[in-house]
Amino acid sequence: QVQLVESGGGLVQPGGSLRLSCAASGTIFSVNIMGWYRQSLGKERELVAFIDTYGNINYANSVKGRFTISRDNAKNTVYLQMNSLRFEDTAVYYCNADIKADSRAFLTNYWGQGTQVTVSS
C-alpha cells in the first residue's frame, strides 16, 4: 500500500514563504514523476509544478520565478518552496506521483490528501 503524505501548509501573509513536503511511503520499487497540483474554491485542480527522476522540471506560468520544486530520491520525497506568495495562491495543494510498487508492476498514479495554503493579511 502506497501513501503520499503532505505537510507544511498553513496561513501566511502576502509576500511570505512556505515550504511543502510530500513523502511517499509503503511498498515502493521506484518513483517516477512527482509533482504538485492545487485547487482553489470553485476552480478546477491545476498543475503547479512537476519534476522527474532526472531533475527535469516544469512550472505553471503563474508560479515561475516564485516557486521551486525539488526532490530527494533517496527519501522518495518532493518539496515545493513557495516564495512571494500572493492572495491567488490560496488553495489546497495536492502531491501527485507515479510509482511502481515492484519491478513487475505498472506505474500507478497516487494523490496525497491535500494541505491547505492560505495567503491572507
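Residues numbered from 1 in each chain as written. Predicted model: local features only at pLDDT ≥ 70, side-chain atom pairs only at ≥ 80, totals over all residues. Heavy atoms only, no water.

Asker: What is the right way to read the sheet that holds strand 1 (residues 3–7) from this model?
Answerer: Each strand in a sheet pairs with another by means of backbone hydrogen bonds, the pair being arranged parallel or else antiparallel. Pairing is antiparallel in the open sheet, where four strands are placed in the order 1-3-8-7. In the strand order of this sheet, the two ends are held by strand 1 and strand 7 (67–72), each with one partner. Looking at each pair of strands side by side, their axes are set apart by 15 degrees on average, direction ignored. (Pairing = 2+ DSSP bridges. Helix = DSSP H or I, 4+ residues; strand = E, 2+ residues; numbered from the N terminus. Axes fitted to C-alpha atoms, helices over the stretch in contact; angles between N-to-C directions.)

Asker: What am I meant to see in the environment of N76 here?
Answerer: Within the secondary structure, N76 sits in the loop between strand 7 and strand 8 (77–82). Along the backbone, N76 and S30 are 46 residues apart, and their C-alpha atoms lie at a distance of 8.6 Å. Here N76 is in contact with C22, A23, A24, I28, V31 and M34, once residues within four sequence places are set aside. (Contact = heavy atoms within 4.5 Å.)

Asker: Quick question: what am I supposed to make of the packing of aromatic side chains here?
Answerer: When we look at a pair of aromatic rings, we describe it by the centre distance and by the angle of the planes. Counted under the stated rule, the structure contains two aromatic pairs. Taken together, a centroid distance of 5.0 Å and an interplanar angle of 65 degrees make the contact between Y37 and W111 edge-to-face. With Y37 in strand 4 (residues 30–39) and W111 in strand 10 (residues 108–111), the pair connects residues that are 74 residues apart, well separated along the chain. In this structure an aromatic cluster arises from ring pairing among Y37, Y94 and W111. The ring of Y79 carries R19 above its face, with NZ or CZ at 4.1 Å from the centroid. The lysine or arginine in question, R45, covers the ring of W111, its NZ or CZ lying 4.6 Å from the ring centre. (Phe/Tyr/Trp six-rings, centres within 6.5 Å; stacked < 30°, edge-to-face > 60°. Lys NZ or Arg CZ within 6 Å of the ring centre and 35° of its normal.)

Asker: Sorry if this is basic, but what is going on with the side chain of T77 here?
Answerer: Among the structural elements, T77 can be located in strand 8. A polar side-chain atom of T77 sits 2.9 Å from the main-chain carbonyl oxygen of K75. (Polar contact = N/O pair within 3.5 Å; in protein donor to acceptor, adjacent residues only side chain to side chain.)

Asker: Any chance you could explain the pairing of strand 3 (residues 18–25) here in plain terms?
Answerer: Two faces, one strand: in a regular strand the side chains alternate between the faces of the sheet. Here five bridges tie strand 1 to strand 3, and the two strands are oriented antiparallel to one another. Bridging from a neighbouring strand, V5 pairs with A23 of strand 3. Strand direction decides the pairing type here: strand 3 and strand 8, joined by six bridges, are antiparallel. Paired with R19 across the bridge in strand 8 is Q81.

Asker: I tried to follow the nonpolar core on my own but got confused; where do I start?
Answerer: Across soluble globular proteins, nonpolar side chains have a tendency to be buried as a group. Ranked by size, the top nonpolar core spans 29 residues in total, and within it W36, L80, M82 and Y93 carry the most contacts. Sorting the residues of this core by element identifies strand 3, strand 4, strand 5 (46–51), strand 7, strand 8, strand 9 (91–100) and strand 11 (115–119) as the ones contributing at least two each. When residues in this core are grouped by element, the largest group, five residues, is from strand 9. The residues contacting L80, other than those within four sequence positions of it, are L18, R19, L20, W36, V48, F67, T68, I69 and Y93. (Core = buried A, V, L, I, M, F, W, Y, C linked by side-chain atoms within 4.5 Å. Buried < 20%, exposed > 50% of the residue type's maximum accessible area, 1.4 Å probe, protein only.)

Fair warning: the whole summary comes from geometry, so function is off the table for now.
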